[in-house]
Amino acid sequence: MAAEPEERLDVHRDGDYHRAVHVWIYSESTGELLLQRRADCKDSWPGQWDISSAGHISAGDSSLSSAQRELDEELGIKLPSDAFELLFVFLQECVINNGTYTNNEYNDVYLVTTLTPIPLEAFTLQESEVSAVRYMHLDEYKSCLAKESGEYVPYDVNGTYGQLFSIIEERYKDNIESRSLTLQKQINRYAPIHLEPELTSLSEGDREALGYILKASIVIDDIFYEQVWNSNCTLRDWLKARANYSSFDKLKWLSCLDENKAFLSTADSAVKLLTDATKSVSGWKGIEYRAAFPRDNPPGANFYPPDMDKMEFELWKNGLPEKEQKYATGFFTVIKRHDALLPSILAQSDGSNQTKTSDDLFVDSNLDVTIGPYETYEDGLFSYKATFEAFVGVRDDIATSQVKLFGDQLQDLEKHLPLDNIYKSDNVSAAPIRVINLLYNSGDVKGPQTIAFNLPNDERIVNERGTSMVMLKNISEAKFKHILKPIANACIREEQEDYVDFEPYYTHIVCHECCHGIGPHSITLPTGKRSTVRMELQEFHSALEEAKADIVGLWALNFLIKKGLLPKSLSESMYVSFLAGCFRSIRFGLEEAHGKGQALQFNWLYEKGAFVLHSDGKFSVDFTKVEDAVESLSREILTIQAKGDKPAAQSLLQSHASLKQPLRVALDKIEHMQVPVDITPIFGTANKLLANDQ
């Protein structure tokens, strides 16, 4: 740009708060940052060495597109969006030039990581902005800033901006042996479980169909990986190809998609080559950069642009016609910017069948199949968008007949809920309940392995077709044996330890899933507007709904025991088994809906005296207090949902869904005993079938 835009001059003259981008280029092999020397004609810090590239975010532009534009305009480097890693946001407030220039600027700080330095002759410098570029070692540059050298634009390395240095230093400080041990420890938290259910009940036709169903399920993995993060599939394939390079590379391949926590960083990510990102230089093949690995799980997954925030979405959505607003917040749409290409996996589809996948796929046989987009946990911004998943199992007819009781009692449970009658429904439809032994799953099945599901979640489909509940019995049995019993041994007082039994544990799981179907779903707001709990509670919906199903499930079991429909022997064992189960779920982390919901319940019941921590570090249930505590929390959650009260939901989760001292005591004991966090299914039968079908 030959001259400063008028609006930019006004912003700094008047001291208006505004947004900008900082882009740093880091050379991995040399440990150097690229610096630019600001042109002598600049009205701020002329002639001083500064960020690789920077500029304002203009009205209507996005943060990421601004970062790409500035790098191109100032240095002549054209990079795709996956080269830019957002590190942090930095507020710079200062006054210079004798008070004539005020900088109140929110800066989105990006990092581009290249394998080697870009040759200086490859840059095309914008003369009005940049007079020179050079590379400088990270430590040397940091030292110059700390000394407040006049050659460099000042940044406080001991303040927020110091994160630039600490982030880079952290990811390269450990040697391969140390990192290998860390990754191996993470992998060891999951116990491998072989799943080989019998197929003797299947007909010849069922067996033939099963092969095709398994192949369809495998495709779901690629769809899900693409939904969670735009470079997931690229990173997976790159790491897989390198798995035999070294034992460390093999560990990276095993752990790269584990849980929400980023065990890897951009330093471990896929390497891409761009031959035409700059002007050509003789003997240089081009820029090799690492695909940016997000430091934190993207709150909007890949459903929204990575640099979009909630306010931007709401402003855009509110300007749409009502019909389009429904599409924008629906399960099956993806939000993109006009200048972004659709992910390849979606671009190959004409979209004509997108809405049809919301139905379950049923097979009239002993096979049980669920394929489609269902859960909204990955959408951490709004809980609007659904990820793909697949479950294939063999139906257990005997166990299915035994759980029919819960479906038959749903309307009566709704009628007696601890909730004001005005919010209750007189038309609860019982979801069909099926018990299966899992044969194969794919897609959104990372992290904690589900033991049951009640689908679909789309209120439109639920109203038209109802829901269907599936219990995964062999997964429940494996979790109880390998996780819950060891946790009980570590955390439950000896006199109550025998109460932890598979029957109450499994019965509560069944009741949990049933209780997703009762309580508020479609609601009427005080304004008279019709809405849903999911739409009103947004990002707090998933955690609160999981907590509701859990705690109302306990209330419902007690209700059914008092009616004589369940044995009295469950009345104490269900509470102690639930207590042990709290510690199991919380280990998945408080960023995960089930873990957050479980922490809420534990802390509430502990504060009410229903759960007791003893001097030996073990816990017990106070049977004289637990019933009232369960009912009070059930009423609290149900009322928040019925009113669509998002502030109350946020307040409840903030005050109770945290890792308080009693929980830390339990988790430390479990960690010391090295109890697995979860199981990792090994699909023996499915793998054999797929191998035979090659």
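Residues numbered from 1 in each chain as written. Predicted model: local features only at pLDDT ≥ 70, side-chain atom pairs only at ≥ 80, totals over all residues. Heavy atoms only, no water.

**Remarks on the overall build of the chain**
Broken down by element type, the chain carries 26 helices and 20 strands. The C-alpha atoms of the chain give a radius of gyration of 28 Å, which matches the 26 Å a tight globule of 694 residues would have. Here the C-alpha coordinates of the chain stretch approximately 85 × 60 × 60 Å along the principal axes. For the chain, long-range pairs separated by at least 24 residues make up 74% of all intrachain contacts whose partners lie at least 6 apart in sequence. Of the roughly 30900 Å² of accessible surface on the chain, a fraction of 50% belongs to carbon and sulfur atoms. (Helix = DSSP H or I, 4+ residues; strand = E, 2+ residues; numbered from the N terminus. Rg over C-alpha atoms; globule rule 2.2 N^0.38 Å. Contact = heavy atoms within 4.5 Å. Areas by Shrake-Rupley, 256 points an atom, 1.4 Å probe, with all protein chains shown as cover.)

**Quick look at the pattern of salt bridges**
Under the definition given, this model contains 32 salt bridges. When the shortest N-O distance is used, the salt bridge between Arg-434 and Asp-368 registers 2.3 Å. Placement of the pair is Arg-434 in strand β13 (residues 433-443) and Asp-368 in strand β11 (residues 367-373), with a sequence separation of 66 residues. Summarising the burial analysis for this pair, Arg-434 and Asp-368 share the class buried. (Salt bridge = Lys/Arg side-chain N within 4 Å of Asp/Glu carboxyl O. Buried < 20%, exposed > 50% of the residue type's maximum accessible area, 1.4 Å probe, protein only.)

**Considering unusual backbone geometry**
Of note, the amide linkage connecting Leu-455 to Pro-456 takes the cis form, showing an omega dihedral of -5 degrees. Among the secondary structure elements, Pro-456 is positioned in the loop between β14 (452-455) and α15 (459-465). Positive phi is not limited to glycine here, since Gln-538 has a value of about 50 degrees. Relative to the elements of secondary structure, Gln-538 occurs in the loop between α19 (533-537) and α20 (541-562).

**Overview of the packing of aromatic side chains**
Counting across every chain of the model gives 33 aromatic pairs. Measuring from centroid to centroid gives 5.9 Å for Tyr-141 and Phe-165, while their planes differ by 45 degrees, and the two rings are tilted. Of this pair, Tyr-141 sits in helix α3 (residues 138-146) while Phe-165 sits in helix α4 (residues 163-173), and the two are 24 residues apart along the sequence. Ring centres 5.5 Å apart and planes at 40 degrees place the aromatic pair Phe-480 and Tyr-505 in the tilted group. Placement of the pair is Phe-480 in helix α16 (residues 473-491) and Tyr-505 in helix α18 (residues 502-515), with a sequence separation of 25 residues. The two residues Phe-480 and Tyr-505 agree in class, both being buried. Ring pairing ties together the aromatic residues Phe-578, Phe-583, Phe-602, Tyr-606, Phe-611 and Phe-619, which thus form one cluster. When the ring centre of Trp-49 is taken as reference, the NZ or CZ atom of Arg-134 above it lies at 4.6 Å. (Phe/Tyr/Trp six-rings, centres within 6.5 Å; stacked < 30°, edge-to-face > 60°. Lys NZ or Arg CZ within 6 Å of the ring centre and 35° of its normal.)

**Observations regarding the pairing of strand β15 (residues 468-472)**
For β15, the buried fraction is high: five of the five residues fall into the buried class. Neither face of β15 is exposed, since Ser-468, Val-470 and Leu-472 on one face and Met-469 and Met-471 on the opposite face are all buried. One ladder, built from four bridges, connects β13 with β15; its direction is parallel. Its bridge partner lying in β15, Arg-434 is registered against Val-470. Direction of pairing for β14 relative to β15: antiparallel, over a ladder of four bridges. Bridge pairing in β15 links Ala-452 to Met-471. (Pairing = 2+ DSSP bridges.)

**Brief notes about the UniProt feature "domain: Nudix hydrolase" (unreviewed entry) in the chain**
Feature annotation in UniProt assigns "domain: Nudix hydrolase" (unreviewed entry) to the following positions: residues 16-158. The span residues 16-158 carries 15% helix and 41% strand; its end-to-end C-alpha distance comes to 26 Å. (UniProt positions renumbered as here; feature names shortened; annotations may be inferred.)

**Points about the packing of α20 against helix α23 (residues 626-643)**
Orientation of α20 relative to α23, taken along the N-to-C sense of each, is 135 degrees, at an axis distance of 9 Å. Taken together, the axes of α20 and α23 are oblique relative to one another. Note on packing geometry: the crossing formed by α20 with α23 is left-handed. Packed against α20, whose contacting residues are Leu-544, Glu-545, Ala-547, Lys-548, Ile-551, Val-552, Leu-554, Trp-555, Asn-558 and Lys-562, the element α23 presents Glu-627, Val-630, Glu-631, Leu-633, Ser-634, Ile-637, Leu-638, Ile-640 and Gln-641 at the interface. A class-by-class count of the residues in the contact of α20 with α23 yields 11 nonpolar, three polar and five charged. (Axes fitted to C-alpha atoms, helices over the stretch in contact; angles between N-to-C directions. Parallel < 35°, antiparallel > 145°, perpendicular 65-115°, else oblique. Left-handed = near helix turned anticlockwise from the far one by under 90°. Nonpolar A, V, L, I, M, F, W, Y, C, P; charged D, E, K, R; others polar.)

**Quick word on the packing of α16 against helix α21 (residues 570-586)**
It is at 9 Å that the axes of α16 and α21 come closest, and there the two elements cross at 100 degrees. Considering their axes alone, α16 and α21 lie roughly perpendicular with respect to each other. Contact residues: α16 offers Lys-479, Ile-483, Leu-484, Ile-487 and Cys-491, while α21 offers Ser-577, Ala-580, Gly-581, Phe-583 and Arg-584. Within the contact of α16 with α21, the residues separate by chemical class into six nonpolar, two polar and two charged.

**Details of the nonpolar core**
Nonpolar side chains tend to gather and get buried jointly when the protein is soluble and globular. Counting 119 residues, the largest nonpolar core has Phe-406, Met-471, Leu-544, Phe-583, Leu-600, Phe-602 and Leu-605 as the members making the most contacts within it. In contact with Met-471, not counting residues within four places along its chain, are Ile-433, Arg-434, Val-435, Ile-436, Ile-451, Ala-452, Tyr-506, Ile-509, Val-510 and Glu-513. Grouped together as the second largest cluster of nonpolar side chains are 28 residues, Leu-35, Val-109, Leu-164 and Phe-165 included. (Core = buried A, V, L, I, M, F, W, Y, C linked by side-chain atoms within 4.5 Å.)

**Brief notes about the confidence of the model for the chain**
Model confidence for the chain is summarised by a mean pLDDT of 88, while 92% of its residues fall at 70 or above. Confidence drops under a pLDDT of 50 for residues 341-362, and excluding neighbours within four residues, the segment shows 32 contacts in the predicted structure. (pLDDT = per-residue confidence, 0-100.)

**Thoughts on the sheet that holds strand β12 (residues 388-395)**
Spatially, β11-β12-β13-β15-β14 is the arrangement adopted by the five strands of the open sheet, whose pairing is mixed. Since the sheet does not close on itself, it has two edges, and those belong to β11 and β14, each with one partner. Direction aside, the axes of adjacent strands within the sheet are offset by 35 degrees on average. α18 rests against β13, β14 and β15 of the sheet, and its axis sits at about 160 degrees to β15.

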